[in-house]
Amino acid sequence: LSIDELFGMWVSQRLSTVSGAVPGGMGVGAAFAKVLSSLPTERRQRFELVLSRVMVGATPPVGALKTIGPIDPDIYTACEKAFLNGNALRLTYVDRNGNRTERVVAPHGLLVTAPLWYLLTFDDLRKAARTFRLDRIVAASVDPVLKFEPRDPRELFAQIAQHVGEVRE
């Protein structure tokens, strides 16, 4: 299995655990643990470093869901590749007020509070941590040249450490 396939399995398993939507969710978790333990040590450790940068939280309040839109699969794929491979991401973002901006960011983390997904980034131009809701990204591409060293997003976003809905294993 590739890292992105493992990542997809893990996120699905974590979301089913958080939502309680799958009664046999504990069986899925046990199966995933077996898959993870079967990986060569170096590959498993690399994957665990990726997972340490992902937070899965409980469903957000109803008010936060009023403006949610669909996540374009191609945009999700670009964000995932940049996140997994340590590449900068070029994106076009439309904020809650309808303002459109072009950004080049380092995607250090992911916060999933299904159905909302947030990319936790560092924006070099603004020299600051920024959060982008995936459903508000209207274009995204991986920059094949610009690389970054992934950091724990909790270091960039102090408020994430206190995120009430964060689920830890």
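Being a predicted model, the structure only gives us computed values, none of them experimental.

## Notes on the overall build of the chain
Next, step 1: Broken down by element type, the chain carries 6 helices and 7 strands.
Next, step 2: Listed N to C, the secondary structure of the chain is α-α-α-β-α-β-β-β-β-β-α-α-β in terms of helices and strands.
Next, step 3: Buried residues in the chain amount to 41% of all 169 residues.
Next, step 4: In the structure as shown, the chain presents an accessible area of about 9,200 Å², 56% of it carried by carbon and sulfur atoms.

## Concerning the confidence of the model for the chain
Next, step 1: Considering every residue of the chain, the mean pLDDT works out to 82; 87% of them sit at 70 or more.
Next, step 2: pLDDT under 50 marks residues 163–169. Its contacts with residues more than four places away, or in other chains, come to 19 contacts.

## Some details on the pairing of strand E3 (residues 100–113)
Next, step 1: Burial within E3 is extensive, with 10 of its 14 residues counted as buried.
Next, step 2: Bridge count for strand E1 (residues 54–57) against E3 is 3 bridges, and the pairing is parallel. For valine 54, the partnering residue across the bridge sits in E3 and is leucine 110.
Next, step 3: Across 6 bridges, strand E2 (residues 87–94) lies against E3 in antiparallel orientation. Paired with tyrosine 93 across the strands is threonine 101, a residue of E3.
Next, step 4: Here E2 hands over to E3 after 5 residues, with glycine 98 in that stretch at a positive phi of 90°.
Next, step 5: Of the strand pairs in this sheet, E3 and strand E4 (residues 116–123) are connected by 8 bridges, and their pairing is antiparallel.

## Re unusual backbone geometry
Next, step 1: Phi angles above zero are rare outside glycine, and lysine 127 is one such case at about 55°.
Next, step 2: Following the sequence through the fold, lysine 127 ends up in the loop between E4 and strand E5 (128–133).
Next, step 3: Judged by relative accessible area, lysine 127 falls into the exposed class, the value being 61%.

## Structural notes on helix H4 (residues 73–85)
Next, step 1: The end-to-end C-alpha distance of H4 is 18 Å, a good match for the 18 Å that 13 residues give at a rise of 1.5 Å each.
Next, step 2: Considered for burial, the residues of H4 that qualify are Ile75, Ala78, Cys79, Glu80, Ala82, Phe83 and Leu84.
Next, step 3: N-capping of H4 is provided by aspartate 72, with a side-chain oxygen placed 2.7 Å from the backbone N of aspartate 74.
Next, step 4: Looking one or two places after H4, you find glycine 86, whose phi comes out positive at around 70°.

## Concerning the environment of glycine 86
Next, step 1: Tracing the sequence through the fold places glycine 86 in the loop between H4 and E2.
Next, step 2: Glycine 86 gets classed as buried once you look at its relative accessible area, which sits at 4%.
Next, step 3: A sequence separation of 61 residues divides glycine 86 from lysine 147, and the C-alpha atoms of the two residues are 5.6 Å apart.
Next, step 4: Residues in contact with glycine 86, not counting those within four places in the same chain, are Leu146, Lys147 and Phe148.

## Considerations on the nonpolar core
Side chains of a nonpolar character, in soluble globular proteins, are inclined to be buried together.
Next, step 1: Residues Phe7, Trp10, Phe47, Leu89, Leu119 and Ile137 are the most contacted members of the largest nonpolar core, which totals 31 residues.
Next, step 2: When neighbours within four sequence positions are excluded, isoleucine 137 is seen to be in contact with Ile75, Cys79, Leu91, Thr92, Tyr93, Leu119 and Phe132.
Next, step 3: Judged by nonpolar contacts, the second largest core, of 7 residues, contains Leu111, Tyr118, Leu120 and Phe157.

## Points about the pattern of salt bridges
Next, step 1: One pass over the full model with this rule turns up 7 salt bridges.
Next, step 2: The salt bridge involving arginine 103 is made with aspartate 123; its shortest N-O contact spans 3.1 Å. Of this pair, arginine 103 sits in strand E3 while aspartate 123 sits in strand E4, and the two are 20 residues apart along the sequence. The same class applies to arginine 103 as to aspartate 123, namely buried.
Next, step 3: One salt-bridge network, held together by shared partners, links Arg103, Asp123 and Arg126.

About the criteria used
Residues numbered from 1 in each chain as written. Predicted model: local features only at pLDDT ≥ 70, side-chain atom pairs only at ≥ 80, totals over all residues. Heavy atoms only, no water. Helix = DSSP H or I, 4+ residues; strand = E, 2+ residues; numbered from the N terminus. Buried < 20%, exposed > 50% of the residue type's maximum accessible area, 1.4 Å probe, protein only. Areas by Shrake-Rupley, 256 points an atom, 1.4 Å probe, with all protein chains shown as cover. pLDDT = per-residue confidence, 0-100. Contact = heavy atoms within 4.5 Å. Pairing = 2+ DSSP bridges. Expected span 1.5 Å × (residues − 1). Polar contact = N/O pair within 3.5 Å; in protein donor to acceptor, adjacent residues only side chain to side chain. Core = buried A, V, L, I, M, F, W, Y, C linked by side-chain atoms within 4.5 Å. Salt bridge = Lys/Arg side-chain N within 4 Å of Asp/Glu carboxyl O.

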